[in-house]
Amino acid sequence: MSTKDLMLMKQPMLLKNTGTIVLLLASLIFTLQRPIVCSESKEDGSGSSSRTSKSSSKRLKTMPNDVLEEITAPAHESKAQYASEADVHLVRGKITKRKTKNPPDNYFWSIFYHQERAGKVSIDLIDEPLLGRHASIQIFLNKKSQGMHIGRIAYATACNLSHYDVVYASMRKNNLPSFRSAQAAGFKEVKNPAFAQCVMKWVRLVK
């Protein structure tokens, strides 16, 4: 058998081995590229990052609305919606045209927020069976002025402007906003099963 015949017989084996080597190299290159693709997907915000954002969204949906609003609301908006003591002013009004005592039994003020009328607050000397003769405060705010901490400032300011050392506030038991406003102004709840309403008491601090 000649040398040429031997070369022709070995040629298919060489081609087969060459094909195997090419497949191995291609497989190796594909394996080396896989970590690179994963790292790029994390950097550009796709892949696992998108799965993380979806899970975060699910957790946010399960949170209570008040907590969710506090988290998602911008800081400047949450601070800007509340009034400060410098923004709220009480202007004394006249109760009747008759000559009043000094100090008077009753007080009345208009509440102004940024020079706009926000509501009114009054303190009256009344007599009730359970509390007897006492000073009672009532406050009314315009709808757009509610939820801005104007009420708590008006509560405290009116009590301090009056001559009374003890002032009571009565409200419905389910009126949580008024309860919180009075509590922030220094009122404390007076518990008595006989009370039909929630009764709170303010005491002037002795300096």
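Residues numbered from 1 in each chain as written. Predicted model: local features only at pLDDT ≥ 70, side-chain atom pairs only at ≥ 80, totals over all residues. Heavy atoms only, no water.

A. Examining the sheet that holds strand β6 (residues 188-190) more closely. Strand order across the open sheet formed by 7 strands is β1-β2-β3-β4-β5-β7-β6, with mixed pairing between neighbours. Two strands in the sheet have a free side with no partner beyond their single neighbour: β1 (88-92) and β6. Within this sheet the neighbouring strands show an average axis-to-axis angle of 35 degrees, counted without direction. Summarising the sheet, strand β5 (residues 166-171) and strand β7 (residues 198-203) pair through 6 bridges and their orientation is antiparallel. The residue of β7 that forms the bridge with Val 166 is Val 203. Set on the sheet, helix α5 (residues 150-161) makes contact with β1, β2 (107-113), β3 (116-128), β4 (132-141), β5 and β7; between it and β4 the angle comes to about 145 degrees. Lying over the sheet, helix α6 (residues 176-184) contacts β5, β6 and β7, oriented at roughly 15 degrees with respect to β7. (Pairing = 2+ DSSP bridges. Helix = DSSP H or I, 4+ residues; strand = E, 2+ residues; numbered from the N terminus. Axes fitted to C-alpha atoms, helices over the stretch in contact; angles between N-to-C directions. Contact = heavy atoms within 4.5 Å.)

B. Structural context of the side chain of Ser 145. Along the polypeptide, Ser 145 turns up in the loop between β4 and α5. On the basis of relative accessibility, which here comes to 6%, the residue Ser 145 falls in the buried class. The residues contacting Ser 145, other than those within four sequence positions of it, are Ala 118 and Ile 150. (Buried < 20%, exposed > 50% of the residue type's maximum accessible area, 1.4 Å probe, protein only.)

C. Here's a closer look at the nonpolar core. Ranked by internal contacts, the top residues of the largest apolar core, which has 31 residues, are Ile 111, Ile 137, Tyr 155 and Phe 187. Elements that contribute at least two residues to this core include exactly β1, β2, β3, β4, α5, β5, α6 and β7. The element contributing the most residues to this core is α5, with 6 residues. Those residues in contact with Ile 137 that lie beyond four places of it in its chain are Val 121, Ser 122, Ile 123, Tyr 155, Ala 158, Cys 159, Val 167, Tyr 168, Ala 169 and Phe 187. (Core = buried A, V, L, I, M, F, W, Y, C linked by side-chain atoms within 4.5 Å.)

D. View of the layout of surface pockets. Estimates place the volume of the largest pocket at around 680 Å³. Lining the largest pocket are 25 residues, with Ile 139, Asn 175, Pro 177, Ser 178 and Ser 181 positioned closest to its centre. For the lining of the largest pocket, the secondary-structure elements that each account for two or more residues are β4, α5, β5 and α6. Residues belonging to the lining of the largest pocket are distributed by class as follows: 11 nonpolar, 11 polar and 3 charged. (1 Å grid on protein atoms, 1.4 Å probe; cavity = no way out; pocket = protein on both sides within 12 Å on 5 of 7 lines; lining within 4 Å. Points joined across faces, edges and corners; volume = space filled by probe spheres on them. Nonpolar A, V, L, I, M, F, W, Y, C, P; charged D, E, K, R; others polar.)

E. Structural detail: the packing of aromatic side chains. The final tally for this structure, using the stated rule, is 3 aromatic pairs. Relative to Trp 109, the ring of Tyr 107 lies with its centre 5.4 Å away and its plane at 0 degrees, an arrangement referred to as stacked. There is no split in this pair, since Tyr 107 and Trp 109 are both buried. In textbook terms, an aromatic cluster arises when at least three aromatic residues are bridged by ring pairs, as seen for Tyr 107, Trp 109 and Tyr 164. Cation over ring: Lys 120 sits above Phe 140, and NZ or CZ is 5.6 Å from the ring centre. (Phe/Tyr/Trp six-rings, centres within 6.5 Å; stacked < 30°, edge-to-face > 60°. Lys NZ or Arg CZ within 6 Å of the ring centre and 35° of its normal.)

F. Molecular detail of the pairing of β5. Strand direction decides the pairing type here: β4 and β5, joined by 3 bridges, are parallel. Counterpart to Ile 137 in the pairing with β5 is Ala 169. Between the parallel pair β4 and β5, the chain is carried across by α5, and the sense of this crossover is right-handed. (Right-handed = clockwise from strand over helix to strand, strands pointing away.)

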